[in-house]
Amino acid sequence: MNVPGELKYAQSDEWVRLEGDIATIGVTDYAQHELGEVVYLELPESGTNVTQGAAFGVVESVKAVSDINAPVSGEIVEINAPLTDEPAIINESPYENGWLIKVRLSDPSQLDALMDADAYTRYRA
Amino acid sequence: MTEPLITESLQRTALFDEHVAAGGRMVPFAGWEMPVQYAGVIDEVRAVREACGVFDVSHMGQLDVSGSDVSHALNRVISADWSEVAVGRVAYSLLLNEHDGIIDDIMGYRVNADEWFIVVNASRAEVDEAHFKAHLPELTFQNRYADQAMIAVQGPHSAQILQTLTQTDLSQVAWRDCLIIQIGGVTGLLARGGYTGSDGFEFMFKGTDAPAVWRALLAAGAVPCGLGARDVLRLEAALPLYGHELRENWTPYESGCGWAVKMSKADFIGRAALAEKHTPNSRIRALRMEGKAIPREGYPVIWGGVPVGEITSGTMSPTAGGGIALAMLPAVLNVGDSVEVEIRNNLHTAKIVKPPFVANGRKS
């Protein structure tokens, strides 16, 4: 299980990479492995607001549908549009090319509720 | 992400350790702990459509039924006519209740003049066995759940792969033939058939021999496949599944299995209730999505702006390259008509098509 040290993690298996007040969000290596080959992805549009702990999108394998929850609240400033045509990129590169959305943080203190890499590794060990 | 809950009460087939060794992801299914997938559902589906996959289906209910004039006796309980089925042939039927609903769908293997081997759905095994015993006290029923293994070898290369493990000439075994042969030195009942829409075989034999047969098949090139691939394959072939297209409150005509009901034979359970229901108001139809969205069981089907039915089984079909589904719809809708499937509050267009979605050389 790949768990990059510099990211923050939610219990629902999403990760956050913070650059200034912009949070990049994706699903973890553990999540993509549990789900299996991703064949369909549904994301909201830029400009939409997401809420910490609430579903903002859906990822589907051949047999399963899973919500993707927002690990932090804020306004979506960018979505990874090519992913909807090639959702399997989430399996190949969950932390790089498979990122899902970028969000302008509305409350940076929400990051405190997330796990660091060590805690997430123990959580999913 | 949800994780399957595995409890101690689940049963394990004789191949449990083989599944774990092959990387199988074990999940609870109808009281059994079964592999849902190994390498991945898409690769496993491709193996069956293009080469050869092997499934452990030992969890299915297996019953030996014997007695004098056994076929005529069974005929009083089942919907199809098995009285003319020859020794060495396999037949399909429904089990109906006194009203007109479907208790289960079953496969019968006529192994001897006075003996049938019957395979039923795992989730219905106890119900079916009790139903048979209650209505046919003159026959002898022996369930084989505990000691018998059943595997399905499926795909266009399955004959060629199995042939390396047997002296019997498999080119002489026709679709829906069954016979006792040896595979890898192990004696069992072989039948040509399956539940994937591809060519293939089923082999029923002693559980203690299962690991050796399984390993020999993998060594010969068969790809281990799980329940995930099995469900996609049967849906691509538009084959019904109990609890989805077949239900106790739907008639065979609604479920699209009227062909398995022989009204012209002597009386059988359910016949009287069915007599006036030949033209149903609803029936199972095959849907092909036009966009990329994936239809799932329970999603509403909309026509003329109103909900008219729902998806009974749906998936992404790797072979057809898109979303496919079976749905219970008003009988006024026909092949070629368009409907909409409601997916997370959005409507997605689907077309009613003629089944199967994937034809792989077998009508099944």
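The preceding data block contains the structure.
The shown structure was predicted, so the numbers you read here are calculated from the model rather than taken from an experiment.

Looking only at helices and strands, one finds eight helices and 19 strands in chain B. Compactness check: chain B gives a C-alpha radius of gyration of 20 Å against a globular reference of 21 Å for 364 residues, within 12% of the reference. For chain B, the spread of C-alpha atoms along the three principal axes comes to 60 × 50 × 45 Å. Sorting the 364 residues of chain B into buried and exposed places 50% on the buried side. Relative to all contacts within chain B whose residues are 6 or more apart in sequence, the contacts with residues 24 or more apart total 66%.

Now for the sheet that holds strand E19 (residues 346-353) of chain B. Where strands meet in a sheet, backbone hydrogen bonds hold them as pairs that are either parallel or antiparallel. Residues and elements named next belong to chain B. The six strands are arranged E14-E17-E16-E15-E18-E19 in a closed barrel whose pairing can be described as antiparallel. Taking each pair of neighbouring strands and ignoring which way they run, the sheet shows an average axis angle of 45°. Contacting strand E16 (306-317) and strand E17 (322-330), helix H7 (residues 227-236) crosses the sheet at an angle of about 120° to E16.

Moving on, we get to the environment of B:Val232. Summarising the element assignment, B:Val232 is placed in helix H7. Accessibility expressed as a C-beta count within 10 Å gives 27 for B:Val232, which makes it buried. When near neighbours in sequence (up to four residues on either side) are disregarded, B:Val232 contacts A:Val62, B:Val41, B:Val45, B:Thr315 and B:Ser317.

What follows concerns unusual backbone geometry. Residues and elements named next belong to chain B. The linkage connecting Pro355 with the following residue, Pro356, adopts the cis geometry, with an omega of 0°. Counting through the fold element by element, Pro356 comes out in the segment after E19. Phi at Ala238 is positive, roughly 60°, even though this residue is not glycine. For Ala238, the location among the structural elements is in the loop between H7 and helix H8 (271-274). Backbone geometry at Arg344 places phi at a positive 50°, although glycine is not the residue there. Of note, Arg344 is situated in the loop between strand E18 (338-343) and E19.

So, on to the interface of chain A and chain B. On the side of chain B, 15 residues touch chain A, which itself brings 15 residues to the contact. Where the side of chain A that touches chain B is concerned, the elements lending two or more residues are helix H1 (29-35), strand E4 (38-42), strand E6 (55-61) and strand E7 (65-69) of chain A. Per-class residue counts for the side of chain A that touches chain B are seven nonpolar, three polar and five charged.

Moving on, we come to helix H6 (residues 210-219) of chain B. Residue and element names in this part refer to chain B. Taken as a whole, H6 has its buried residues at Ala210, Val213, Trp214 and Leu217. When H6 is viewed along its axis, its buried side chains cluster within an angular range of 100° and face the same direction. Remark: Gly221 follows H6 within two positions and exhibits a positive phi of approximately 115°.

Definitions and limits used
The residue numbering used here restarts from 1 in each chain and proceeds along that chain's sequence as written. Starting at A for chains and at 1 for ligands, labels are handed out in the order in which the entities are written. Only residues with pLDDT of 70 or above have their local features reported here, since the model is predicted, and side-chain atom pairs are shown and tallied only from 80 upward, although totals for entire chains, interfaces and linings are computed over all residues. A run of H or I in DSSP counts as a helix once it spans at least four residues, and a run of E counts as a strand once it spans at least two, with each numbered from the N terminus. With the radius of gyration taken over C-alpha atoms, the globule rule is written as 2.2 Å times the number of residues to the power 0.38. Buried residues are those with 20 or more other C-beta atoms within 10 Å of their own C-beta, exposed residues have 12 or fewer, and partly exposed residues lie in between; C-beta atoms are placed from the backbone. Two residues form a contact once the distance between their C-beta atoms, set from the backbone, is within 7 Å. By definition, two strands form a pair when at least two bridges between them are found by DSSP. Comment: axis = line fitted to C-alpha atoms, over the contacting stretch for helices; angle = value between 0 and 180 degrees taken between N-to-C directions. Under the scheme applied here, ten amino acids are nonpolar (Ala, Val, Leu, Ile, Met, Phe, Trp, Tyr, Cys and Pro), four are charged (Asp, Glu, Lys and Arg), and all others, including Gly, are polar. To obtain the arc, one takes the directions from the helix axis to the C-beta atoms.

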